[in-house]
Amino acid sequence: MEITAIYPGTFDPVTNGHIDIIARATKLYHKVIVAVAVNSNKSPLFDITQRVSLLEQVCADFTNVDIIGFDNLLVDCAKQQGANVILRGLRAISDFEYEFQLAGMNRRLSPELETMFLTPAEQYEFISSSMIKEIARLGGDVSGFVADIVADQLINKFNRG
Ligand code: ADP
């Protein structure tokens, strides 16, 4: 059976941690759909078009990755896309409680969809989009944590105020 995984998130912006998870997933699944949540309640720094575009650029070398934006219920989006697996990244125990609750809720909403977790290489375990934005806002160097095009976009955002 060919398994398609959907990897949902805010990706505001995409980090090397996300890319590590995507790279691992490309070897396990037939197809990986990275689903960028519009998430207007989180007031993202980058709008949906920018977040999708950055992901498209950093994932350009993967042949079995698609990037989409979505604004509906994840389980509905997964069904529309023909995904059998919801993929999430787990960094630390602190992620576990929220992820466990989310997986349980998605199972109640759609019992046939399995949630699977991957962990990143240890050098990425401490990276989060929110911390990257904070470092960039304060003028710190984020080049070790995100792709060059993402670092450039962050510098642009904060220089323009
Ligand atoms: P969300 O708002 O849905 O948590 P994020 O963009 O922050 O969206 O994260 C998307 C997914 O990627 C989540 O499963 C999150 O746990 C995972 N993730 C985020 N950063 C990392 C990282 N550094 N390493 C591995 N997984 C990560």
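What you see is a predicted model, and the numbers here were worked out from it, not measured in a lab. (Residues numbered from 1 in each chain as written. Predicted model: local features only at pLDDT ≥ 70, side-chain atom pairs only at ≥ 80, totals over all residues. Heavy atoms only, no water.)

Draft legend 1. The arrangement of the nonpolar core in detail. Counting residues in each nonpolar core, the largest one holds 33 residues, and the members touching the most others are Val-34, Leu-55, Ile-67 and Leu-87. The set of elements that each furnish at least two residues to this core consists of strand 1 (4-9), helix 1 (16-28), strand 2 (31-37), helix 2 (48-58), strand 3 (65-70), strand 4 (85-89), helix 5 (129-137) and helix 6 (148-159). Dropping the residues within four chain positions of it, Leu-55 is found in contact with Phe-11, Val-14, Ile-22, Val-34, Val-36 and Ile-67. In this structure, Leu-74, Ala-83, Ile-86 and Leu-113 belong to the second largest nonpolar core, which totals 13 residues. (Core = buried A, V, L, I, M, F, W, Y, C linked by side-chain atoms within 4.5 Å. Buried < 20%, exposed > 50% of the residue type's maximum accessible area, 1.4 Å probe, protein only. Helix = DSSP H or I, 4+ residues; strand = E, 2+ residues; numbered from the N terminus. Contact = heavy atoms within 4.5 Å.)

Draft legend 2. Region of the structure containing the site of the ligand. As a structural note, the neighbourhood of the ligand is formed by 16 residues, with Tyr-7, Thr-10, Lys-42, Gly-89 and Ile-127 the closest of them. Contact between the ligand and Tyr-124: a nitrogen atom at 2.9 Å from a main-chain N or O atom of the residue. Broken down by secondary-structure element, the contributors of at least two residues to the shell around the ligand are strand 1, helix 1 and strand 4. For the shell around the ligand, a count of residues per class yields seven nonpolar, five polar and four charged. (Near = heavy atom within 4 Å. Polar contact = N/O pair within 3.5 Å; in protein donor to acceptor, adjacent residues only side chain to side chain. Nonpolar A, V, L, I, M, F, W, Y, C, P; charged D, E, K, R; others polar.)

Draft legend 3. Representation of the pattern of salt bridges. Within the structure shown, the criterion is met by seven salt bridges. For Lys-31, the salt bridge goes to Asp-66, with nearest N and O atoms at 3.7 Å. You can see Lys-31 sitting in strand 2 and its partner Asp-66 sitting in strand 3, a full 35 residues away along the chain. When its relative accessible area of 36% is taken as the criterion, Asp-66 is described as partly exposed. Ionic pairing is found between Glu-114 and Arg-107, a salt bridge with its closest N-O pair at 2.9 Å. (Salt bridge = Lys/Arg side-chain N within 4 Å of Asp/Glu carboxyl O.)

Draft legend 4. Quick look at the sheet that holds strand 5 (residues 114-118). The sheet built from five strands is open, its strands ordered 3-2-1-4-5 with parallel pairing. Bordering the open sheet on either side are strand 3 and strand 5, each of which pairs with just one other strand. Averaged over all adjacent pairs, the angle separating strand axes in this sheet is 30 degrees, with direction ignored. As defined by bridge partners, strand 4 adjoins strand 5 across five bridges and the pair is classed as parallel. Bridge pairing in strand 5 places Val-85 opposite Glu-114. (Pairing = 2+ DSSP bridges. Axes fitted to C-alpha atoms, helices over the stretch in contact; angles between N-to-C directions.)

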